[in-house]
Amino acid sequence: MAADHLPIVETRTLVQQWASEDDCDALARKLASSDALRDAFIALHGDLGAGKTTFVRHLLRALGIASRIKSPTYAVVEPHEAPGGLAIFHFDFYRFSDPHEWDDAGFRDIFAGTGLKLAEWPENAAGRIPVADLAIKIEAMNDDTRTVTLHANTVRGSRLLDAAA
Ligand SMILES: Nc1ncnc2c1ncn2[C@@H]1O[C@H](COP(=O)(O)OP(=O)(O)OP(=O)(O)O)[C@@H](O)[C@H]1O
Ligand SMILES: [Mg+2]
C-alpha cells in the first residue's frame, strides 16, 4: 500500500475483564480524566442488564455530577451538565423507532455539536447515528463479572483507549 493511502487511524481494540462494578467505576474514572472525552461520542453495546446505564452513572459521577441520574429510557435523551460546563447527552435508543424523530428532536444537531455523547442501543438508530469514537461492548459473564471490549474508531477514540489501558 502506498504511504499516502495509509489510514489516518487504525481501529484498535482493548479487552478488559471486570470482576465487579468497582472495575466499571475504574474505567469510568480513567475515561473521565482524559481531555479526549470532551466532544467524544461513546456507543454502548450489550444485552439488557449488561451494565450500560451503570457505566454511564459511574462516568457522570466521575465527571462531578452528584444529582440523581435518571435513565433516559422514556425520553430517549437525558441531558446533563458537568461542573465546568461540559454538556453531556445520554441517549437510550431502546424504544427508538420513528426515523423522523432523528431530525425533529434535534438528534442530528446534538451529534454534530460539542459535548459528550453517550448512547445505549445505538444499533436501533443505525443509518442515522454517526460512527462512535469509542464503542464499548459489555457482556455479562455471571452476576458481577463482565467481559468488556473497547473499540476505537477515530483518533479521539484511540486517545480514550490509551486512557483506559
Ligand atoms: N461489573 C459490573 N458492571 C456493571 N454493572 C454491574 C456489574 N456487576 C453487576 N452489575 C449490575 O448489573 C446491572 C446492570 O444494569 P443496567 O441498567 O446498567 O444495564 P443496561 O445495560 O443499561 O440494560 P438496558 O439495556 O436494559 O438499558 C446493575 O444492577 C448493576 O448494578
Ligand atoms: Mg440501560
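My aim in this report is to walk through the structure given alongside it, one point at a time. Owing to the predicted nature of the structure, the values given are computational and were not obtained by experimental measurement.

How each quantity is defined
Each residue is numbered by its place in its chain's sequence as written, counting from 1. Ligands are numbered from 1 and chains lettered from A, in the order in which they are written. Predicted model: local features are reported for residues with pLDDT of at least 70 only, side-chain atom pairs are reported and counted for 80 or more only, and whole-chain, interface and lining totals are derived from all residues. Excluded from the side-chain calculations are hydrogens and water; all other atoms, namely the structure's heavy atoms, are used. Only strands joined by at least two bridges in the DSSP assignment are considered to pair. The secondary structure listing takes helices from DSSP runs of H or I that are at least 4 residues long and strands from runs of E that are at least 2 residues long, numbered from the N terminus. To obtain an axis, a line is fitted to C-alpha atoms, over the contacting stretch when the element is a helix, and the angle between two such axes runs from 0 to 180 degrees between their N-to-C directions. By definition in these notes, contact holds between two residues if any of their heavy atoms fall within 4.5 Å. Two aromatic rings from Phe, Tyr or Trp, using only the six-membered ring of Trp, form a pair when their centres are within 6.5 Å; if the ring planes differ by under 30 degrees the pair is stacked, by over 60 it is edge-to-face, and anything between is tilted. In this scheme, a residue with accessible area under 20% of its type's maximum is buried, one over 50% is exposed, and one in between is partly exposed, where area comes from a 1.4 Å probe on protein chains only. Listed donors are limited to N, O and S atoms within 2.8 Å of the metal, widened to 3.2 Å for Na, K and Ca; water is not among them, so incomplete-looking sites are possible.

## Comments concerning the sheet that holds strand β6 (residues 134–140)
Within the open sheet, the seven strands sit side by side as β1-β7-β6-β2-β5-β4-β3. Their pairing is mixed. Lying at the two open borders of the sheet, with one neighbouring strand each, are β1 (12–18) and β3 (77–81). Put simply, the sheet's adjacent strands are angled 15° from each other on average, direction ignored. Sheet analysis places β1 next to strand β7 (residues 146–152), joined by seven bridges and oriented antiparallel. Bridge pairing in β7 links valine 15 to threonine 149. Along the sheet, helix α5 (residues 155–164) contacts β1, β2 (41–45), β6 and β7; its crossing angle with β1, the most-contacted strand, is approximately 35°.

## Topic: the packing of aromatic side chains
Counting across every chain of the model gives twelve aromatic pairs. Taking 4.9 Å as the distance between ring centres and 75° as the angle between the ring planes, the aromatic pair formed by phenylalanine 41 and phenylalanine 111 counts as edge-to-face. Note that phenylalanine 41 is positioned in strand β2 and phenylalanine 111 in helix α4 (residues 107–112), a separation of 70 residues in sequence. There is no split in this pair, since phenylalanine 41 and phenylalanine 111 are both buried. A centroid spacing of 5.7 Å and a plane angle of 35° characterise the contact between phenylalanine 93 and tryptophan 102, whose relative ring orientation is tilted. The buried category is assigned to phenylalanine 93, whose relative accessible area is 0%. The rings of Phe41, Phe91, Phe93, Phe96, Trp102, Phe107 and Phe111 are connected pair by pair, giving a single aromatic cluster.

## Section: the coordination of the magnesium ion (ligand 2)
The coordination sphere of the magnesium ion (ligand 2) contains the protein donors Thr53 (OG1) and Glu120 (OE), at a distance range of 2.0 to 2.1 Å. A residue pair is termed long-range when its members are at least 10 positions apart, and threonine 53 in helix α2 (residues 52–62) and glutamate 120 in strand β5 (residues 116–120) qualify at 67 residues. The class for threonine 53 is buried, based on a relative accessible area of 15%.

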